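The chain contents come next:
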Amino acid sequence: MSTGNEEYRTRWKGALTDNYGTPALALVRGEGAQVWDADGTRYTDFVGGIAVNALGHAHPAVVAAVTSQIRTLGHVSNLYVSEPVIALGERLLQLFGRPGKVFFCNSGAEAVEAAFKIGRLTGRTHMVATAGGFHGRTMGALALTGQPKKQDPFLPLPGDVTHVPYGDTEALRAAVTEQTALVVIEPVQGENGVVVPPPGYLTAAREITRATGTLLVLDEVQTGIGRCGQWFEHQAHEGVEPDLVTLAKGLGGGLPLGAVAAFGAAADLLRPGQHGTTFGGNPVACAAGLAVIDTIAAEGLLEQVKARGERLRSGIEASAHPLVSHVRGAGLLLGIVLTEPLAPQVQQAAQDAGYLVNAPAPDVVRLMPPYVLSQGEADAFLRDLPGILDAANGDGSGE
Ligand code: PMP
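Computed from a prediction, not measured in an experiment: that's the story for all the values here.

Student: Mind showing me how you'd approach the UniProt feature "binding site: N(2)-acetyl-L-ornithine" (unreviewed entry) in the chain here?
Tutor: Mapped onto the present numbering, the UniProt feature "binding site: N(2)-acetyl-L-ornithine" (unreviewed entry) falls on R137 and T277. Taking the number of C-beta atoms within 10 Å as the measure of exposure, R137 has 16 and is therefore partly exposed. Not counting chain neighbours up to four residues away, the residues in contact with R137 comprise A109 and L142. If you trace the backbone, T277 turns up in the loop between β10 (258-263) and α11 (283-298). With 18 C-beta atoms counted inside 10 Å, the residue T277 sits in the partly exposed group. Aside from chain neighbours lying at most four places away, what touches T277 is C105, N106 and E110.

Right under this line is the structure:
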């Protein structure tokens, strides 16, 4: 007997914690940008595991790399070293185009946590982050996250953190002093609703932090590994050279994998014994990471990300639907900004029409599909979007 969405929901309630609420759907299978739920309904996946599934579901290169690696050597801990972890560290540094050192962990929050600890090793304690920014839910990462609702139940949080308005160069300049250990910035604020800073912001952040000897941490957990059309979003516009870059999400091809890349003097701050995690640099996760990077490079997917992103952006704006104000973002990290706070209704209407999208803010619908999204899949979404928006508009009641 097959198990449907409803039965999964009941089992979820019986066994799992309440922090996520109860998910609407149980997904059972995926291929490329398509996923199927437990009732057998098919969706085009514009959520991508929250910007994780760069190559889509069940990509043959990831399947082959993971299968081969787990058959050979599944786990060694960091008491030993294995080929995939070294190869992935080398490959990342090659993509950054700078010498440095990489620390591997298992998630975005852990990558930020490591950056937080590296910041403390400067001997300074003050940190600056941005209002609305999201850096994860562990205590150090949460202290940097600029969303009071997420922080409040857990006060007091570690650190001495000042949050400044995102994109405001003068506020940043005023907050950063010679006591500031680090400044952490997302090149695009993803969880806050795909907020893009004004041109020159990262360059100014680099100048400000350099002048005070402060580490510049760019949190590329969401924007990195090609999501925005270049390997790392900070490489796009401004030629900025950060001291630390945090990565996760797309890096592991769906396996739990995070990393911090450190450059210059920041690469030498962590001393033996000061930080670590058993699973960090796991050979299977790193083999998946190498497969992701090799496939993006071999198949020209950075160009495809830019092309699909542009097509979606211009197609959505050209629809001139009254519920659409504009589209913001970069590459395949796009936010449809609505003229009314109906994003949850749009999410539901999209699901009813066979598309998974996400609503990070009441008036923002976020798209972060796999880079392998075909032109046909993008165009089908564009064709169906006006009907989805009409349905959302007609259902003003909410749930
Ligand atoms: N930083 C950024 C920019 C993120 O978008 C996220 C996750 N949405 C995190 C950190 C935390 O990553 P994780 O959920 O893997 O802990």
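Picking up after the structure, the text goes on.
Student: Explanation requested: the packing of helix α4 (residues 83-96) against α11 in the structure shown.
Tutor: In a packed pair of helices, the relevant descriptors are the angle between the two axes and the axis-to-axis distance. Direction vectors running N to C along α4 and α11 enclose 35°, while the axes themselves pass 8 Å from each other. As for how α4 packs across α11, the hand of that crossing is left-handed. Between α4 and α11, the residues in contact are P84, V85, A87, L88 and R91 and P283, C286, A287, G289, L290 and I293, respectively.

Student: What is the right way to read the environment of G40 from this model?
Tutor: By secondary structure assignment, the location of G40 is in the loop between β2 (34-37) and β3 (42-45). For the pair G40 and N5, spaced 35 residues apart in sequence, the C-alpha separation works out to 9.4 Å.

Reading the values: rules and limits
Chains are numbered independently. Their residues run from 1 in the order of the written sequence. Residues qualify for local features only when their pLDDT is at least 70, as the model is predicted, and side-chain atom pairs are given and counted only at 80 or more; totals for whole chains, interfaces and linings, by contrast, use all residues. UniProt positions are given in the numbering used here, feature names are shortened, and annotations may be inferred rather than shown by experiment. Three exposure classes are used, based on other C-beta atoms lying within 10 Å of a residue's own C-beta, which is placed from the backbone: buried for 20 or more, exposed for 12 or fewer, and partly exposed in between. With C-beta atoms placed from the backbone, a contact is any residue pair whose C-beta atoms sit within 7 Å. Starting at the N terminus, helices and strands are each numbered in turn, a helix being any DSSP run of H or I of at least four residues and a strand any DSSP run of E of at least two. Between N-to-C directions, angles cover 0 to 180 degrees, with each direction set by a line fitted to C-alpha atoms, over the stretch in contact for helices. Handedness of a helix crossing follows the sense of rotation of the near helix relative to the far helix, less than a right angle counterclockwise being left-handed and clockwise being right-handed.

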